[in-house]
Amino acid sequence: MIRSCYFLLFLSLASTTTTRVTAFAPLHGNAGLSQQQSSSRILKGKADDMTEEEYEAAVDKATGAMSKFTSTYLKRSETTLCTDKAVAAAVVKGLAKHKVELGAPLCPCRFYENKEEEVKKGYWNCPCVPMRDDKICQCCLFLTPDHPFAGEEQDITKEEVLELANKIKKDNA
C-alpha cells in the first residue's frame, strides 16, 4: 500500500509540471512578444498570462494556503497525515499547483481527460466527495486512525512541503 502512495505522489509531482510553449505562443495571446518573452510564459489554465517567476510565486503562496488548509482539515475531520510526510508534501504541492493553474485544488492523484471540466464538477476538488462523505482519501493525505499508514501528526507547514517536495523531485530526477 505504501508503494502505491509513493507511485501516486510521483504522479502528482510529474503531472503538475509546468509546460512551456514557444512555437505556438501567438495563439495564446502572446503576439508581439519576443521569443524569449513568450517562452517564459506559462500556458496553463488560470496561469496563462504569468511569467515563470510569477507562476512560482503564486505556487509558493498557494502552497502556504494549502498547507494551512490541510492542517485545519486534519483536525476538523479527526484524521492524520501518512507516517511518511513526503506523501503529504507531494499531495499538498500538487493541490497548490492545481489551485494556481485551474483555480481550484483538484486532486493531483488522479488522471483526468479534462481537468477544467473536473474542476467545474467539483467532485474531485479537495476535500473530494469520498473524503467528505466517507473519510476515504485515495491520496493518503487525510487518513483515519484505522488506516495502516496513519501517523500521529495533524500539521504540515509550507516549509516542510517545499523541502520534502524538492527532495522527492531530486530523488526521481
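Keep in mind the model is a prediction, meaning the values are calculated, not measured.

**Q** Help me out: how do you make sense of the packing of aromatic side chains in this one?
**A** Counted under the stated rule, the structure contains four aromatic pairs. For the ring pair Phe-69 and Phe-142, a centre distance of 6.3 Å and an interplane angle of 90 degrees mean the geometry is edge-to-face. Placement of the pair is Phe-69 in helix H3 (residues 52-76) and Phe-142 in the loop between helix H6 (129-134) and helix H7 (158-171), with a sequence separation of 73 residues. Residue Phe-69 is classed as partly exposed on the basis of its relative accessible area, which comes to 24%. Accessibility expressed as a relative area gives 2% for Phe-142, which makes it buried. Between Tyr-123 and Trp-124 the ring centres are 4.8 Å apart and the planes differ by 80 degrees, which places this aromatic pair in the edge-to-face class. By relative accessible area, Tyr-123 is classed as partly exposed at 38%. Exposure remark for Trp-124: the relative accessible area of 15% places this residue in the buried category. Ring-pair connections join several aromatic residues into one group, and the members of that group are Phe-69, Tyr-73 and Phe-142. Cation over ring: Arg-110 sits above Trp-124, and NZ or CZ is 3.8 Å from the ring centre.

**Q** Got a minute to help me understand the pattern of salt bridges in this structure?
**A** Oppositely charged side chains are able to pair whenever their charged atoms sit close together. Considering all chains together, one arrives at seven salt bridges under this definition. Between Glu-160 and Lys-85 there is a salt bridge whose closest N-O contact spans 2.7 Å. With a gap of 75 residues between them, Glu-160 in helix H7 and Lys-85 in helix H4 (residues 85-102) connect regions that are remote in the sequence. Using a relative accessible area of 26% as the deciding quantity, one classes Glu-160 as partly exposed.

**Q** Just to check I follow, could you spell out a negative patch on the surface for this structure?
**A** A surface patch of like charges, here negative, comprises Asp-48, Asp-49, Glu-53, Glu-54 and Glu-56. Secondary-structure assignment places Glu-56 in helix H3.

**Q** Help me understand the side chain of Glu-118 in this model?
**A** In this structure, Glu-118 sits in helix H5 (residues 115-121). Note on Glu-118: relative accessible area 18%, which makes it buried. Setting aside its immediate chain neighbours within four residues, Glu-118 contacts Leu-106, Tyr-112, Tyr-123, Trp-124 and Asn-125.

**Q** Can you walk me through the confidence of the model for the protein chain in this structure?
**A** Note that predicted coordinates carrying low pLDDT should not be read in detail. For the protein chain, mean pLDDT is 80; residues scoring 70 or higher make up 73% of the total. Low pLDDT (under 50) marks residues 1-44, which in the prediction has 70 contacts with non-local residues, meaning those over four places away or in another chain.

**Q** Sorry, what's going on with the packing of H4 against H7 here?
**A** The geometry of a pair of packed helices is captured by two quantities: the angle between their axes and the separation between those axes. Axis separation between H4 and H7 bottoms out at 8 Å; the angle between their running directions is 100 degrees. Viewed along their axes, H4 and H7 adopt a mutual orientation that is roughly perpendicular. Mapping the contact onto sequence places Lys-85, Ala-86, Ala-89, Ala-90, Val-92 and Lys-93 in H4 and Glu-160, Val-161, Leu-162, Leu-164, Ala-165 and Ile-168 in H7. Per-class residue counts for the contact of H4 with H7 are nine nonpolar, no polar and three charged.

**Q** Any chance you could explain H7 here in plain terms?
**A** Count 3.6 residues to each turn of an α-helix, and residues three or four apart come out pointing the same way. Its 14 residues place the ends of H7 20 Å apart at the C-alpha level, agreeing with the 20 Å of an ideal helix rising 1.5 Å per residue. Residues of H7 that are buried include every one of Val-161, Leu-162, Ala-165 and Ile-168, and no others. The buried side chains of H7 occupy one side of the element, clustering within an arc of 135 degrees when seen end-on. The exposed residues of H7 that point more than 90 degrees off its buried face are Glu-159, Glu-163, Lys-170 and Asp-171.

**Q** Just checking my understanding: could you explain H3 for this structure?
**A** With 25 residues, H3 should reach 36 Å at 1.5 Å per residue; the first-to-last C-alpha distance of 35 Å fits that figure. Each element contacted by the buried residues of H3 is listed here: H4, H6 and H7.

About the cut-offs
- Residues numbered from 1 in each chain as written.
- Predicted model: local features only at pLDDT ≥ 70, side-chain atom pairs only at ≥ 80, totals over all residues.
- Heavy atoms only, no water.
- Phe/Tyr/Trp six-rings, centres within 6.5 Å; stacked < 30°, edge-to-face > 60°.
- Helix = DSSP H or I, 4+ residues; strand = E, 2+ residues; numbered from the N terminus.
- Buried < 20%, exposed > 50% of the residue type's maximum accessible area, 1.4 Å probe, protein only.
- Lys NZ or Arg CZ within 6 Å of the ring centre and 35° of its normal.
- Salt bridge = Lys/Arg side-chain N within 4 Å of Asp/Glu carboxyl O.
- Patch = residues over 30% accessible without salt bridge, like charges linked within 9 Å, V, L, I, M, F, W, Y side chains within 5 Å.
- Areas by Shrake-Rupley, 256 points an atom, 1.4 Å probe, with all protein chains shown as cover.
- Lys, Arg positive; Asp, Glu negative; His and termini not counted.
- Charge placed at Lys NZ, Arg CZ, Asp CG, Glu CD.
- Contact = heavy atoms within 4.5 Å.
- pLDDT = per-residue confidence, 0-100.
- Axes fitted to C-alpha atoms, helices over the stretch in contact; angles between N-to-C directions.
- Parallel < 35°, antiparallel > 145°, perpendicular 65-115°, else oblique.
- Nonpolar A, V, L, I, M, F, W, Y, C, P; charged D, E, K, R; others polar.
- Expected span 1.5 Å × (residues − 1).
- Arc of directions from axis to C-beta.

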